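# What the coordinates show
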Amino acid sequence: MAIEIDPNDLIVPRNYGVGGQPHDAWTRLRKEAPVYWCETEDYEPFFAITRHADIMDISGKPQIFSNLDGPIILDNVQAANREAEGTPFDQMRTIIQMDPPEHRDFRKVASGFFTPRNIHHLDEIVARSARQQIDKLGEEGECDFVEKISQRHPLRVLSTILGIDPDQEERVLELTQQLFASDDPDLQREGEDREAAIRELGLEFFALFNGIVEDRRANPRDDLASMLANAKMADGEAMGPAETFGYYLIVFTAGHDTTRNAISGGLSAFLERPEQFDLLRKNPELSKKAVEEVVRWSSPVNYMRRTMLEDVELHGQTMRKGQHLAMFYASANRDDAVFDKPFDFDITRHPNRHLGFGTGEHFCLGAHVARLSARALFLELANRVELLEPAGDPSMIESSFVVGHKAVPVRYEIRPATN
Ligand code: HEM
């Protein structure tokens, strides 16, 4: 008998805003229809891939499952606008839209910066940022944790590695929020001509990053900004302006909202399970495992799209050349074939083979930065919080790609830092 799951539940942003990630649907699909054809009124059709093992397999075969066509399932309007030209984004291609061997050449430009050894240099900066954000809360009160903490901390960390001055940070945040306003109406401006706005915002962004590039060419430092500004490709040629801008942008955009949503999702899980937060407070050495569980639990990157370069047979379904699939990481991260009690949030979980950062060719370049950032923040909280409790209902962003909390209202009492 054919399984009846409404494909809109998997892809329409509004549904994520109302009900969060569709875990009930995914649980059924993993069991009964792991390769599920989704046709909706407003989105291009795609196969939903929901099992951990299948995502591992597909991610290991970039020669068949291509990124060239981009990582997002497009709605009809986006698909129609695809051809539009005239913004600095049009010629821009980033590593998430490339296949090997080109992808490997471009990834190499920055991969040296993102190794655990090199990221270690950021320990102090990241710990300082975590402390400053918590300090700003004062000793007691109420706030929206997303606005005050989750979005500020990754902004500080990314701005530091990308050479954005602290006094430009606020504008960069505004620009990215407006440019990549997702589908959430609360994050867009009413009555705006989106195309014109994107062109204008894009030009401002481009000018800002150009300034940084020029500065780092004249005065290189020990940061990613300098590495990108002075990058040479395998053929010895300098990286072109569109690629350089694209790199800045992908690092910033791939790094900011994802880390923000992981931190908010983790905090929300701790609020619902105070015993897990107590466990972390008493055992700060669990912080590494806790962060892996936070990423598994929240899975901020809900899916990635791939396009078939040849016909593929999987679980009795034929996926044709040119069709798309979506690998739902958030579903794989609740797969009971891999995780014991997948619906328990357990900061002692080990091993934790989650796919929150993807796997294979495009494995998240910034995973160590994300881990370091989230860990520093949860450690600072665990160290200083006297009281942390919900001060209202959380709400979710209307987005099905980078997913998570829009607001998490909290009431708190916090000790001053001691060292
Ligand atoms: C908790 C936070 C984060 C999550 C959950 C996350 C998740 C992901 C996922 C799922 C992918 C695609 C993997 C694939 O297709 O197999 C990815 C790619 C990427 N991420 Fe992250 N990410 C996070 C933070 C960051 C940060 C902080 C940075 C930069 C500092 C970053 C930079 C990138 C880049 C550049 C790519 C593209 C890599 C490529 O195509 O080779 N991410 N990320």
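Coordinates for the structure precede this section.
Given the structure is predicted, the values throughout are model-derived calculations rather than measurements. Every chain is numbered on its own, with residues counted from 1 as its sequence reads. Per-residue local features are limited, in this predicted model, to residues with pLDDT of at least 70; the limit for side-chain atom pairs, both in listing and counting, is 80 or more; totals at the level of whole chains, interfaces and linings are taken over all residues. With hydrogens and water excluded, all non-hydrogen atoms of the structure serve as input to the side-chain values.

### Observations concerning the site of the ligand
Consider each residue's heavy atoms; a residue with any of them within 4 Å of a molecule or strand counts as near. Neighbouring the ligand are 28 residues; His103, Arg107, Arg306, His362 and Cys364 lie closest to it. Between Arg306 and the ligand, the recorded distance is 2.9 Å, taken from a side-chain N or O atom to an oxygen atom. Whenever two N or O atoms come within 3.5 Å, that pair is a polar contact, provided that in protein one can donate a hydrogen and the other can accept it, and provided that, for residues adjacent in sequence, both atoms are side-chain atoms. Contact between the ligand and Thr359: an oxygen atom at 3.3 Å from a main-chain N or O atom of the residue. Secondary structure elements follow DSSP: runs of H or I no shorter than four residues count as helices, runs of E no shorter than two count as strands, and numbering proceeds from the N terminus. At the level of elements, helix H6 (102-111), helix H14 (241-272) and strand E5 (303-308) are the ones that each hand at least two residues to the shell around the ligand. Here the shell around the ligand takes seven residues from H14, the largest share from any one element. Along the lines of polarity and charge, the residues of the shell around the ligand split into 17 nonpolar, nine polar and two charged. Residues were grouped as follows: Ala, Val, Leu, Ile, Met, Phe, Trp, Tyr, Cys and Pro as nonpolar; Asp, Glu, Lys and Arg as charged; and all remaining residues, including Gly, as polar.

### Thoughts on the pattern of salt bridges
Basic side-chain nitrogens of Lys or Arg form a salt bridge, by our definition, when they fall within 4 Å of a carboxyl oxygen of Asp or Glu. For the structure shown, the criterion picks out 29 salt bridges. In this structure, Arg216 engages Asp215 in a salt bridge whose closest nitrogen and oxygen atoms are separated by 2.7 Å. Only protein chains enter the area calculation, which uses a 1.4 Å probe; residues under 20% of their type maximum are buried, those over 50% are exposed, and those in between are partly exposed. Under the relative-accessibility criterion, Arg216 is labelled buried at 4%. For Asp215, a relative accessible area of 28% puts it in the partly exposed group. A single network of salt bridges, built from pairs that share partners, joins Arg131, Asp135, Glu380 and Arg384.

### Describing the sheet that holds strand E9 (residues 385-390)
The pairing criterion is simple: DSSP has to find at least two bridges between the two strands. Pairing in this open sheet of three strands is antiparallel, and the strands run E4-E12-E9 from one edge to the other. The sheet is open, and its two borders are formed by strand E4 (140-144) and E9, each paired with just one other strand. Across the sheet, the mean angle from the axis of one strand to that of its neighbour is 20 degrees, orientation sign disregarded. Pairing analysis gives five bridges linking E9 to strand E12 (residues 409-414), with the strands arranged antiparallel. Axis geometry follows a simple rule: fit a line to the C-alpha atoms, using only the stretch in contact for helices, then measure angles between N-to-C directions, giving values from 0 to 180 degrees.

### A word on the packing of helix H10 (residues 152-162) against helix H11 (residues 166-179)
Between H10 and H11, whose axes approach to 10 Å, the crossing angle comes to 120 degrees. When the axis of H10 is compared with that of H11, the two are oblique. For the crossing formed where H10 meets H11, the hand is right-handed. Counted together, Arg152, Leu155, Arg156 and Ser159 of H10 and Pro166, Glu169, Glu170 and Leu173 of H11 form the full contact between these two elements. Considering only residue class, the contact of H10 with H11 consists of three nonpolar, one polar and four charged. Geometric relationships in this document are graded by angle, where less than 35 degrees denotes roughly parallel, more than 145 denotes roughly antiparallel, 65 to 115 denotes roughly perpendicular, and other angles denote oblique. Here a crossing is taken to be left-handed if its near helix is turned anticlockwise relative to the far helix by less than a right angle, and right-handed if that turn runs clockwise. Whether two residues are in contact is decided by their heavy atoms, any of which lying within 4.5 Å being enough.

### A word on the sheet that holds strand E1 (residues 35-38)
In space, the five strands of this open sheet follow the order E1-E2-E8-E5-E3, with mixed pairing throughout. The open sheet has two edge strands with one neighbour each: E1 and strand E3 (65-66). Across four bridges, E1 lies against strand E2 (residues 46-49) in antiparallel orientation. When the sheet's bridge partners are listed, Cys38 is paired in E2 with Phe46. Contacts from helix H4 (residues 52-59) reach E2, E3, E5 and strand E8 (324-328), with the element oriented near 125 degrees to E8.

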